[in-house]
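Residues per chain, in single letters:
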Amino acid sequence: MGQAALEITARYCRSEMEQYGRCVAASPASWQRDCHRLRLSMSRCAAAHPIVQQIRQDCAEPFAAFEQCLKENQASVMNCSDQVNAFLLCADQVKLST
């Protein structure tokens, strides 16, 4: 999940995110198993949000370019900062068409 998606999740799915965070903190050894359900509800909350769907739709191209760059530069992700910035710029400009 990228930075923009995380910010959206934090903004609109705060309670889910906090529950997940508390669960992880409470069971450091087994959080992947114990907190799986909370992680799913957090993802579901984020995915259900119209602005997230809108961003995925409107910024599909810069996001694809970013993912492609990551695949090609696994050792040096910093090489993809241009692609990241292009995607974030796009995401910032997405407004829900009401």
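From a predicted model like this one, the values you see are computed outputs, not experimental measurements.

A. Geometry of the nonpolar core. Formed by Ile8, Ile51, Val52, Ile55, Cys59, Phe87, Cys90, Ala91 and Val94, the largest nonpolar core amounts to nine residues. With near-sequence residues (within four places) excluded, valine 94 lies in contact with Ile51, Gln54, Ile55, Asp58 and Cys59. Tyr20, Cys23, Cys35 and Leu38 belong to the second-largest nonpolar core, a separate cluster that totals five residues.

B. Examining the packing of helix H2 (residues 14-26) against helix H4 (residues 36-48) more closely. Between H2 and H4, the least distance of the axes is 9 Å, while the angle of their chain directions is 160°. It follows from the interaxial angle that H2 and H4 lie roughly antiparallel. Helix-helix and strand crossings are classified by hand; for H2 and H4 the assignment is left-handed. Contacts between H2 and H4 involve Glu16, Met17, Gln19, Tyr20 and Cys23 from the former and Leu38, Arg39, Ser41, Met42 and Cys45 from the latter.

Cut-offs and rules
- Residues numbered from 1 in each chain as written.
- Predicted model: local features only at pLDDT ≥ 70, side-chain atom pairs only at ≥ 80, totals over all residues.
- Heavy atoms only, no water.
- Core = buried A, V, L, I, M, F, W, Y, C linked by side-chain atoms within 4.5 Å.
- Buried < 20%, exposed > 50% of the residue type's maximum accessible area, 1.4 Å probe, protein only.
- Contact = heavy atoms within 4.5 Å.
- Axes fitted to C-alpha atoms, helices over the stretch in contact; angles between N-to-C directions.
- Helix = DSSP H or I, 4+ residues; strand = E, 2+ residues; numbered from the N terminus.
- Parallel < 35°, antiparallel > 145°, perpendicular 65-115°, else oblique.
- Left-handed = near helix turned anticlockwise from the far one by under 90°.

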